[in-house]
Amino acid sequence: MTGGANGSPTFKRPWVNWILPARPVASMEVLTQAAALLAAARRVVILAGGGARHAAAEVQALAERLDAPVVLTSNARGILHGHGLVVPASASLNAVRGVIAEADQILAVGTEFGPTDYDMYVRGGLPDMAGMIRGDLCVEQLARHPAALCLQADAGAALAALLPMVPQKHGDGQRRALAGRVAARAELSAPMQQQLEMLEAMRAALPGCVIVGDSTQPIYAGNLYYDHDRPGGWFNAATGYGALGFGPGAAIGAALAAPGTPVICLIGDGGLQFSPGELRTAVDEALPVTFVVWNNAGFREIAEAMRDAGTKVLGCDPSPLKMRPFAEACDLPFTSIANDPAALHATLALRATGPRLIEIRVT
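Fair warning: this is a prediction, and the values are worked out from it, not measured in the lab.

1. Structural notes on the sheet that holds strand E15 (residues 356-361)
Taken together, 6 strands build an open sheet; the order of strands is E11-E10-E12-E13-E15-E14 and the sheet is parallel. In the strand order of this sheet, the two ends are held by strand E11 (234-236) and strand E14 (334-338), each with one partner. The average angle at which neighbouring strand axes cross in this sheet is 20°, direction not considered. Where strand E13 (residues 289-295) lies against E15, 6 bridges are found, and the strand directions are parallel. Considered in E15, the bridge of Trp294 is made with Ile360. Sheet contacts for helix H8 (residues 190-205): strand E10 (210-213), E11, strand E12 (263-268), E13 and E15; angle to E13, the most-contacted strand, approximately 165°.

Listed below in C-alpha cells is the structure:
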C-alpha cells in the first residue's frame with residue numbers, strides 16, 4: 001500500500017480502483033469501462049447483496065435502464081419488491097442459476113458471494129462469473145473472486161454514476177425474471193411452499209414490518225425464496241453458523257432502532273428455549289414485537305438435514321415448552337393457531353401496541 005496524490009491510500013492492484021471520498025465511487029475511467037461492457041451486452045443480470053440495500057432506488061433505476069433481472073441475496077430482500085425484474089431467490093436454486101447462466105454480462109453489487117447465499121447445499125456447479133463487473137466498498141472483498149472489472153465504490157454512488165452512461169435497453173428482461181421466479185418457487189419442496197405462504201401472510205397482515213428470523217424452518221424456506229416489502233426488513237441467522245436463540249434479542253434491537261415499526265420475531269420452539277428471558281425485556285420496554293413461535297416440537301430443520309445426510313437423528317427432540325403458561329409467565333398476550341396462512345393473517349391483523357406471542361401448531 002502506498003500514499004496517493006491526495007494522501008489517501010492506494011493499493012497496487014491494477015484491476016482495482018481505490019479512493020476514499022465520503023461516498024467512494026470508482027474513477028471515471030473505470031466507470032467508462034463498465035458502461036461500455038454493459039452497453040455491449042444483450043442480456044444483463046444484476047446480482048444485489050446486502051451492501052445494496054440502502055441503494056434500492058439506484059438499483060431499480062439501473063435495472064430498468066438495462067432491462068436486467070435483479071437476483072437478490074437474503075440481505076438484499078425488499079429491493080424492487082413486486083417489480084417485474086426482481087428475482088427474490090437464492091442462487092443455490094437451479095432456476096436462479098439458470099437466470100445467471102443465460103446472461104452475457106453480470107453486474108454484481110454489494111454481495112460477498114457467500115456460500116450460504118450462492119451454494120447453500122454445497123453442490124458446486126455455479127455458472128462461470130469470472131467475466132462479471134463487480135462493485136464493493138471493500139478492496140479485500142474484491143480480491144476474493146475473479147472479475148473482468150472491479151469498482152471499489154459505494155453501491156448507490158456507483159450505480160447513480162453509471163445510469164446516465166448506459167443506453168436504454170428494450171429486451172426480454174421481465175420475461176427472464178418471471179421465468180426465474182416461477183421456476184424457483186416451483187423448485188421448493190411442498191412443505192417449504194406452504195411455509196412461504198405463511199411468510200407472505202405475515203407481510204400482508206403487517207405491511208412494512210421487520211421480520212427477524214431465528215433458525216427455524218420457514219426462515220430457511222424464505223432465504224431460498226421470499227420477496228419482502230422493505231429493504232432491510234428481512235434478516236436472520238439461519239444460515240452459516242445457524243445461531244439458535246439469535247431471534248428474540250435481535251428483534252428487540254430492531255424495535256429499538258426503528259420506533260413504531262412492527263417487528264415479527266419468527267422462532268422455533270427449540271430456538272425459543274435458548275433465550276426465553278429476552279421476552280421479558282420486550283415486556284419491560286413495551287416494544288411492538290410479535291413473537292411467532294413455529295412449534296414443530298423439536299429441531300426439525302436439523303433433523304431433516306441429518307436424515308438427508310444419512311446420519312442417525314440425535315438430540316432433536318427437546319421436551320417442549322407449554323406455550324400458554326409460558327406466555328402467561330412472561331405477561332404476554334397469547335394466541336395459538338393452526339398452521340394456516342388465513343388464520344395467521346387474521347391474528348396478526350389484530351394489531352397490538354406491545355409485545356405478544358403467537359404459537360403456530362405444526363404437525
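2. Quick notes on the pattern of salt bridges
For the structure on display, the rule yields 6 salt bridges. Of the charged contacts in the structure, one is a salt bridge between Asp172 and Arg176, with a shortest N-O distance of 3.1 Å. Owing to a relative accessible area of 28%, Asp172 belongs among the partly exposed residues under this scheme. Classification of Arg176 as buried rests on a relative accessible area of 1%. Across the pair Asp331 and Arg280 runs a salt bridge whose closest N-O atoms are separated by 2.9 Å. Here Asp331 is found in the loop between helix H14 (323-329) and E14, whereas its partner Arg280 is found in helix H12 (residues 278-284), with 51 residues between them in sequence. For Asp331, a relative accessible area of 53% translates into the label exposed. Judged by relative accessible area, which is 29%, Arg280 ranks as partly exposed.

3. Examining unusual backbone geometry
For Phe113, which is not glycine, the phi torsion reads 60° and is therefore positive. Topologically, Phe113 is positioned in the loop between strand E7 (105-109) and helix H4 (115-118).

4. Some thoughts on helix H9 (residues 217-224)
Among the 8 residues of H9, 8 are classified as buried, and the element is accordingly described as predominantly covered. Inspection of H9 places Gln217, Pro218, Ile219, Tyr220, Ala221, Gly222, Asn223 and Leu224 among the buried residues, and these make up the whole buried set. Of the surrounding secondary structure, the elements contacted by the buried residues of H9 are H8, E10, E11, E12, E13 and helix H13 (300-308).

5. So, the layout of surface pockets
If you add up the space inside the largest pocket, you get close to 750 Å³. Taken together, 33 residues make up the lining of the largest pocket; nearest its centre are Tyr121, Met192, Tyr220, Glu301 and Ala305. Elements represented by at least two residues in the lining of the largest pocket include exactly H4, H8, H9 and H13. In terms of residues, the lining of the largest pocket owes the most to one element, H13, which gives 6 residues. Counted by class, the lining of the largest pocket contains 16 nonpolar, 11 polar and 6 charged residues. By volume, the second largest pocket is sized at about 610 Å³. Gly50, Thr73, Asn75, Glu112 and Asp117 are the residues nearest the centre of the second largest pocket, which is lined by 29 residues in total. If you list the elements that add at least two residues to the lining of the second largest pocket, you get H4, strand E8 (133-136) and E11. Class assignment of the residues belonging to the lining of the second largest pocket gives a composition of 9 nonpolar, 16 polar and 4 charged.

6. Considering the state of the cysteines
In the structure shown here, the tally under the stated rule is 0 disulfides. The structure places no disulfide on Cys138, whose sulfur is separated from the nearest cysteine sulfur, that of Cys150, by 11 Å. Cys209 takes part in no disulfide bond, and the closest cysteine sulfur to it belongs to Cys265, at a distance of 12 Å. Residue classification places Cys209 among the buried residues on the basis of a relative accessible area of 0%.

7. With respect to the nonpolar core
Soluble globular proteins: nonpolar side chains tend toward being buried together. Among the nonpolar cores identified, the biggest contains 49 residues, and Leu47, Val96, Met202, Ile264, Leu348 and Ile360 are the most heavily contacted of them. Sequence-distant contacts of Ile264, defined by excluding residues within four places in its chain, comprise Met202, Leu206, Cys209, Val210, Ile211, Val212, Thr290, Val292 and Leu348.

8. Description of the pairing of E12
Across the 6 residues that make up E12, a large majority, 6, are buried. Burial along E12 is two-sided: Val263, Cys265 and Ile267 facing one way and Ile264, Leu266 and Gly268 facing the other are all buried. Relative to E12, E10 is paired through 4 bridges, and the arrangement is parallel. Directly across from Gly213, in E12, lies its bridge partner Leu266. Of the strand pairs in this sheet, E12 and E13 are connected by 6 bridges, and their pairing is parallel. The partner of Cys265 across the bridge, within E13, is Phe291.

Cut-offs applied
Residues numbered from 1 in each chain as written. Predicted model: local features only at pLDDT ≥ 70, side-chain atom pairs only at ≥ 80, totals over all residues. Heavy atoms only, no water. Pairing = 2+ DSSP bridges. Helix = DSSP H or I, 4+ residues; strand = E, 2+ residues; numbered from the N terminus. Axes fitted to C-alpha atoms, helices over the stretch in contact; angles between N-to-C directions. Contact = heavy atoms within 4.5 Å. Salt bridge = Lys/Arg side-chain N within 4 Å of Asp/Glu carboxyl O. Buried < 20%, exposed > 50% of the residue type's maximum accessible area, 1.4 Å probe, protein only. 1 Å grid on protein atoms, 1.4 Å probe; cavity = no way out; pocket = protein on both sides within 12 Å on 5 of 7 lines; lining within 4 Å. Points joined across faces, edges and corners; volume = space filled by probe spheres on them. Nonpolar A, V, L, I, M, F, W, Y, C, P; charged D, E, K, R; others polar. Disulfide = S-S within 2.5 Å. Core = buried A, V, L, I, M, F, W, Y, C linked by side-chain atoms within 4.5 Å.

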